[in-house]
Amino acid sequence: MSNLQFLDKGLPPVHSWNPPFCGDIDMRISRDGRWHYNGSPIGRESMVKLFASVLRHDDDGHYYLVTPVEKVRIQVEDVPFVAVSAEVRLGADGPEYLFTTNVNDQVVLNHEHPLKMMENPETGESAPYIRVRDRLEALVSRNVFYQLVAEAIETPVAGGVELSIRSQGQGYSLGMVSGNDFWK
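Residues numbered from 1 in each chain as written. Predicted model: local features only at pLDDT ≥ 70, side-chain atom pairs only at ≥ 80, totals over all residues. Heavy atoms only, no water.

### Focus on the sheet that holds strand β12 (residues 136-140)
Alright, step 1. Here we have six strands laid out as an open sheet, ordered β9-β8-β7-β12-β11-β10, and mixed in their pairing. Pairing within the sheet leaves two strands with one partner each, and these edge strands are β9 (106-108) and β10 (115-119). Strand-to-strand twist of the sheet, defined as the mean angle between neighbouring strand axes without regard to direction, takes the value 45°.
Alright, step 2. Where β10 and strand β11 (residues 126-133) come together, five bridges link them in antiparallel fashion. Each residue of the ladder has a partner; that of K116, found in β11, is Y129.
Alright, step 3. On top of the sheet, helix α2 (residues 142-151) reaches β7 (81-91), β8 (94-101), β10, β11 and β12; it is set at about 30° to β7, its chief contact. (Pairing = 2+ DSSP bridges. Helix = DSSP H or I, 4+ residues; strand = E, 2+ residues; numbered from the N terminus. Axes fitted to C-alpha atoms, helices over the stretch in contact; angles between N-to-C directions. Contact = heavy atoms within 4.5 Å.)

Written out as structure tokens, the structure is:
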């Protein structure tokens, strides 16, 4: 089975298209992964999946919906996807984590799809993210993060304990626990 199961769905090669920029549209992806158009949520899952299939994150830091003939900029509050589940399964290199996003993309946690903790500049809180494809990330939902913490390996380090998980032979840090503090 491929690490990039969504490729089997035949996603378009948006990274190779270079259409002209056609402007901004009133489309926004909220931090919880919900898509909005003209201020209203997009309720049709099939439309969200279609838009997600032509989403690109360019070097300029902006997100675009891209077709072979046009490119429009949209707003993304944090990252475009949310990892809504994770399961541990036995792979060729031992245990591996399979993450599923809110648009049903599935990726195996590995060197191509790393998990990293990033600090929210507004709140100062750390949150886990996993790369889904190209330059597109998924925020790991709180309940999935708690699952990972429950399954984490505890390693004593100076000043506390580091929590980590292993997938395909690689270790991924979930952060530090120190005394009564939760995360640093």
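There is more to say after this.
### Digging into the sheet that holds strand β15 (residues 170-177)
Alright, step 1. Taken in spatial order, the three strands line up as β13-β14-β15 in an open sheet, and their pairing is antiparallel. Only two strands of the sheet have a single partner each, and these edge strands are β13 (153-157) and β15. Here the strands of the sheet are splayed against their neighbours by 35° on average, with no regard to which way each runs.
Alright, step 2. Note: strand β14 (residues 160-167) against β15, seven bridges, orientation antiparallel. Following the sheet pairing, I165 is matched in β15 by Y172.
Alright, step 3. Sitting on the sheet, α2 touches β13, β14 and β15, and the angle it makes with β15 is about 100°.

Purely spatial values, then, with no claim about function.
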